[in-house]
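Each chain, written out:
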2 protein chains.
Amino acid sequence: MALMTPAPSTLPRRSAEDRREQVLEAAIHEFAELGYQAASTAAIARRAGISQPYIYALFPSKQDLFLAVHDRVVERILSTFREAAQGATDPQDALHRMGTTYPELIGDRFVLLCQLQAYAAAGDPEIREHVGRGFGRLAGEIRALSGCTPAELAAFLAGGMLANVTTILGMPELCDPLWEEKHGRA
Amino acid sequence: MALMTPAPSTLPRRSAEDRREQVLEAAIHEFAELGYQAASTAAIARRAGISQPYIYALFPSKQDLFLAVHDRVVERILSTFREAAQGATDPQDALHRMGTTYPELIGDRFVLLCQLQAYAAAGDPEIREHVGRGFGRLAGEIRALSGCTPAELAAFLAGGMLANVTTILGMPELCDPLWEEKHGRA
DNA sequence: GACGGTTGTGATAGATCAATCAATAATGGC
DNA sequence: GCCATTATTGATTGATCTATCACAACCGTC
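Trainee: Got a minute to help me understand the interface of chain B and chain A in this structure?
Mentor: Contact with chain B, which involves 34 residues of that partner, is made by 34 residues of chain A. Contact between chain B and chain A buries roughly 2800 Å² in total, counting both sides, with carbon and sulfur atoms accounting for 81%. In terms of surface lost to chain A, no three residues of chain B exceed A120, L169 and L174 of chain B, which account for 18% of the buried area on that side. Applying the counting criterion to the chain B and chain A interface returns 0 salt bridges. Joining chain B to chain A, the criterion identifies 2 residue pairs in polar contact (both at pLDDT 80 or more). Listed by contribution, the elements that provide at least two residues to the side of chain B that touches chain A are α1 (16–38), α7 (110–120), α8 (125–146), α9 (150–169) and α10 (176–181) of chain B.

Have a look at this one:
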């Protein structure tokens, strides 16, 4: 039982808050590409530049980490939409402005894929409840920001879902017509 | 090393084709609720009433089983749509008829959830390619059956996606306005 | 009533992975 | 310059899961 190698020399220590940040960012990527189950804490740790056990000093469990990732992703989407809706004149205009930010959100790619993975993992009741609340918050805020009707909200959300899926499948052309022809008619 | 218990008595044997059928049906349920990674071959076998190793006599690998499930699900959706589109008068009418079958597909529940799980598992390139082909076939057939425009197709697919997600989250009320107010205006 | 193909299973290898724990190095206050 | 606190890791455990293999029970058939 040889004990540990004595850690070559001074490695700079970061605050726990800092590390949590790194882990969250790494986890977003891993969860987005592999899903809740397939993503391993070892891979997340590697990407974050820390050891695998240390994740459990920063988050109580893999599920908690996943839900924290989901919260952050929802928050990021919301802030993007809030910004986009600034100065809109009417509901359609607000939704249109939000819709144009979708490609930007997709540019991040991982944000939307994380959403999809959260839905897929919703077989677990605890996850479903959490993700359901996030989805409700999203829907509520979009309505509040835009003042749209339930039907318009549904159509907007639906477009987002299609964007998710066509992105992950690498078939964006199927989604494009939505944002082109919906409001932007010359 | 006690050898096996001598198998109480005569259990009726089924044809391999029969068994494959049972396994596929069981796998649809397991994959739908848990996803590709989290669903275990042991649980599938238990549900199908066979031993876990026998699955590998019927399907070469878990991934092959998953893709076979996906094919079957796509085929089921297509046949539902084909039936619904019979006797439609124009593209809008055809899409409307197909849309009304969505709740029926959701009644099955597992069919649509399997689709969602397939998208979520598309991080794996082999799965993505297969699922992408299925999605393309779906989109192509819908266009052929209805004669709709690309924008109408996109809106229709988007609605399906939203139906998937609101179903799994148990929030169907967010999706209802789509099918109610879209075409059925009195 | 032996035989060859088919159906089916138990045991198990081999891999992976979440989570725990004890131990150790750096840090900051005093 | 000491001490309590905080950050960080190596080693490991126990569980789980896919896949393989050798073997057994059944079936038609000659």
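Trainee: Which parts of the structure should I look at to understand the environment of C175 of chain B?
Mentor: Residues and elements named next belong to chain B. Of note, C175 is situated in the loop between α9 and α10. Look at C175 and you get buried, because its relative accessible area is 6%. C-alpha of C175 to C-alpha of D108: the two residues are 67 residues apart in sequence and 17 Å apart in space. When sequence neighbours within four positions are dropped, the list of residues in contact with C175 reads G159, L162, A163 and T166.

Trainee: What's the story with helix α1 (residues 16–38) of chain A in this structure? I'm lost.
Mentor: In an α-helix, one turn spans 3.6 residues; hence positions three or four apart end up facing the same way. Residue and element names in this part refer to chain A. Taking 1.5 Å of rise per residue, the 23 residues of α1 would be expected to cover 33 Å, yet its terminal C-alpha atoms sit only 26 Å apart, more than 12% below that figure. Residue A32 marks the point of greatest curvature in α1, where the axis turns by about 85°. The secondary structure elements touched by the buried residues of α1 are α2 (41–48), α3 (55–58), α4 (62–85), α7 (110–120) and α8 (125–146).

Trainee: I'm lost on unusual backbone geometry in this one. Help?
Mentor: The phi angle of most residues is negative, glycine excepted, and most peptide bonds adopt the trans form. Although it is not a glycine, R109 of chain A adopts a positive phi angle of roughly 70°. Inspection of the secondary structure puts R109 of chain A in the loop between α6 (102–108) and α7.

Trainee: Help me out: how do you make sense of the side chain of N164 of chain A in this one?
Mentor: Within the secondary structure, N164 of chain A sits in helix α9 (residues 150–169). Each residue touching N164 of chain A, except ones within four places of it in the same chain, is listed here: L112, L113, Q115 and L116 of chain A.

Trainee: I would appreciate a short explanation of the packing of aromatic side chains in the present structure.
Mentor: How two aromatic rings sit relative to each other is set out by the distance from centre to centre and by the angle between their planes. All names here are of chain A. Across all of its chains, the model carries 14 aromatic pairs over all chains by this definition. Relative to F156, the ring of F81 has its centre 5.6 Å away and its plane inclined at 65°; by these criteria the two rings are edge-to-face. Of this pair, F81 sits in helix α4 while F156 sits in helix α9, and the two are 75 residues apart along the sequence. Neither residue differs from the other here; F81 and F156 are each classed as buried. Among the aromatic side chains, those forming a connected cluster through ring pairs are F31, Y36 and F66. The ring of Y36 has K62 sitting right over it, with the charged end atom 5.2 Å from the ring centre.

Trainee: Please clarify how the confidence of the model for chain A should be interpreted in this entry.
Mentor: As a general rule, the predicted coordinates of low-pLDDT regions are not to be interpreted in detail. Put simply, chain A has an average pLDDT of 90, and 91% of its residues get 70 or more. Here residues 1–9 of chain A is modelled with pLDDT under 50, and outside its nearest four sequence neighbours on either side it reaches 0 contacts, counting other chains as well.

Trainee: So what exactly am I meant to see when it comes to the environment of T41 of chain B here?
Mentor: Residues and elements named next belong to chain B. Topologically, T41 is positioned in helix α2 (residues 41–48). Each C-alpha atom of the pair T41 and E30 lies 9.1 Å from the other, and the pair is 11 residues apart in sequence. Setting aside chain neighbours within four positions, we find T41 in contact with Q52, I55, Y56 and K62.

Trainee: Can you help me understand the relation of the copies chain B and chain A in this one?
Mentor: Both copies of the chain are related through a single rotation about an axis accompanied by a shift along the same axis. For the pair chain B and chain A, the relating rotation is 180°, the translation along its axis is 0.0 Å, and the fit reaches an RMSD of 0.1 Å. Interpreted geometrically, this transformation is the action of a two-fold axis. Across chain B, the smallest distance between a C-alpha and the rotation axis is recorded for A158 of chain B, namely 2.4 Å. Mapped onto chain A, 100% of the interface residues of chain B again fall at the interface, so both copies present the same surface.

Trainee: I would appreciate a short explanation of empty space enclosed by the protein in the present structure.
Mentor: The gaps left among the atoms become clear once a water-sized probe is rolled over them. Here the structure, examined in full by the defined rule, presents 4 cavities of 30 Å³ or more. A volume near 120 Å³ is recorded for the largest cavity. Residue lining of the largest cavity: 14 residues in total, with Y102, Q115, L138, L157 and M161 of chain B positioned closest to the centre. Among the elements of the structure, α4 (62–85), α7, α8 and α9 of chain B are those that each provide at least two residues to the lining of the largest cavity. The element contributing the most residues to the lining of the largest cavity is α9 of chain B, with 5 residues. Across the lining of the largest cavity, the residue classes tally to 11 nonpolar, 3 polar and no charged. Considered as a void within the structure, the second largest cavity measures approximately 100 Å³ in volume. Contributing to the lining of the second largest cavity are 13 residues, with Y102, Q115, L138, G160 and M161 of chain A lying nearest its centre. For the lining of the second largest cavity, the secondary-structure elements that each account for two or more residues are α4, α7, α8 and α9 of chain A. Tallying contributions element by element places α9 of chain A first for the lining of the second largest cavity, with 5 residues.

Definitions and limits used
Residues numbered from 1 in each chain as written. Chains lettered and ligands numbered in written order. Predicted model: local features only at pLDDT ≥ 70, side-chain atom pairs only at ≥ 80, totals over all residues. Heavy atoms only, no water. Contact = heavy atoms within 4.5 Å. Buried area = accessible area lost by both parts, 1.4 Å probe. Salt bridge = Lys/Arg side-chain N within 4 Å of Asp/Glu carboxyl O. Polar contact = N/O pair within 3.5 Å; in protein donor to acceptor, adjacent residues only side chain to side chain. Helix = DSSP H or I, 4+ residues; strand = E, 2+ residues; numbered from the N terminus. Buried < 20%, exposed > 50% of the residue type's maximum accessible area, 1.4 Å probe, protein only. Expected span 1.5 Å × (residues − 1). Bend = angle between axes of the 7 residues up to and from the residue. Phe/Tyr/Trp six-rings, centres within 6.5 Å; stacked < 30°, edge-to-face > 60°. Lys NZ or Arg CZ within 6 Å of the ring centre and 35° of its normal. pLDDT = per-residue confidence, 0-100. Least-squares fit on C-alpha atoms with pLDDT ≥ 70 in both. 1 Å grid on protein atoms, 1.4 Å probe; cavity = no way out; pocket = protein on both sides within 12 Å on 5 of 7 lines; lining within 4 Å. Points joined across faces, edges and corners; volume = space filled by probe spheres on them. Nonpolar A, V, L, I, M, F, W, Y, C, P; charged D, E, K, R; others polar.

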